[in-house]
Amino acid sequence: LNKCADGRRRKIEGSCEPMSVFDETDMTLRIREDPKQLFAAYVDGFPLKWDMHFFPQSMYCDLLFRHVDDYDFVGRMDQGFYGQLRNMTSKFGGGSRLSEAFDKVFDLSFRLSVGRGNGNVGTETQALKHVNKYFTAASVRRALEYFAVDYIRLGLEIPGWVDDILEEENEMFAD
């Protein structure tokens, strides 16, 4: 079924979907005003249009989880990210093009000196500061459903903030 069989619709409406799909309704406006509802709708839509940053990582590289033990290095974008990049540079050729690339892309030498060797230095995404603004217990559960394969197959730890949000919900209903 080709919704764009009639090319005039795309020219007139800017897409192949009827304009009624894009009309603002009261519910849509209420969702847009509440960051938690808006983010929950975004999480619900993940499988409809995967963003490479939010796709289960274990699905990359010919199903990474099947081969992860064969890799020489597996890094994690966590609190020790820059230290892991330093370790990778050491393992695969300090003073090489790899270390030059890490300096160019991540400003690694500077970040390691400021971060005292391993830790992040505070210029990262700052995502942890925003989780309570956007996540609800329901959207946390939904995201965990999508990424369970990563947590289980790659042995990732579930972040502490997840427990905090779920515990808040438990306390709310305990009263």
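Structure first, text after, so check above.
A brief look at the structure comes next. This structure is a prediction, so every number in the text was calculated from the model and none was measured.

On to the overall build of the protein chain. The helix and strand inventory of the protein chain stands at ten helices and zero strands. Looking at the protein chain as a whole, 21% of its 175 residues qualify as buried. Within the protein chain, contacts between residues separated by at least 24 positions form 55% of all contacts whose residues are at least 6 apart in sequence. Accessible area of the protein chain: about 13000 Å², with a carbon and sulfur share of 56%.

Membership of the largest hydrophobic core is limited to twelve residues, which are Phe39, Val43, Phe46, Val131, Phe135, Ala137, Val140, Ala143, Tyr146, Phe147, Val162 and Ile165. Those elements that provide at least two residues to this core are α3 (35-44), α9 (137-153) and α10 (160-174). Broken down by element, the residue count for this core peaks at five residues, all from α9. Excluding its chain neighbours within four sequence positions, the residues that come into contact with Tyr146 are Val43, Asp44, Phe46, Pro47, Trp50 and Pro56. Among the nonpolar cores identified, the runner-up in size contains six residues, and Tyr82, Leu85, Leu108 and Leu112 belong to it.

The final tally for this structure, using the stated rule, is five aromatic pairs. Each ring, one from Phe39 and one from Phe135, has its centre 4.8 Å from the other, and the planes form 75 degrees; the classification is edge-to-face. Placement of Phe39 in helix α3 and of Phe135 in the loop between α8 (131-134) and α9 is noted, with a sequence separation of 96 residues between them. An identical accessibility class is assigned to Phe39 and Phe135; each is buried.

Below, the discussion takes up α3. Each α-helix winds once per 3.6 residues, and so residues spaced three or four apart point in a common direction. When we look at burial in α3, the residues that qualify are Phe39, Ala40 and Val43. Across the axial projection of α3, the buried residues extend over an arc of 105 degrees, all falling on one side. Of the surrounding elements, those touching the buried residues of α3 are α8 and α9. Where α3 begins, the capping side chain belongs to Asp34, and its oxygen is found 3.0 Å from the backbone nitrogen of Lys36.

Conventions adopted
Residues numbered from 1 in each chain as written. Predicted model: local features only at pLDDT ≥ 70, side-chain atom pairs only at ≥ 80, totals over all residues. Heavy atoms only, no water. Helix = DSSP H or I, 4+ residues; strand = E, 2+ residues; numbered from the N terminus. Buried < 20%, exposed > 50% of the residue type's maximum accessible area, 1.4 Å probe, protein only. Contact = heavy atoms within 4.5 Å. Areas by Shrake-Rupley, 256 points an atom, 1.4 Å probe, with all protein chains shown as cover. Core = buried A, V, L, I, M, F, W, Y, C linked by side-chain atoms within 4.5 Å. Phe/Tyr/Trp six-rings, centres within 6.5 Å; stacked < 30°, edge-to-face > 60°. Arc of directions from axis to C-beta. Polar contact = N/O pair within 3.5 Å; in protein donor to acceptor, adjacent residues only side chain to side chain.

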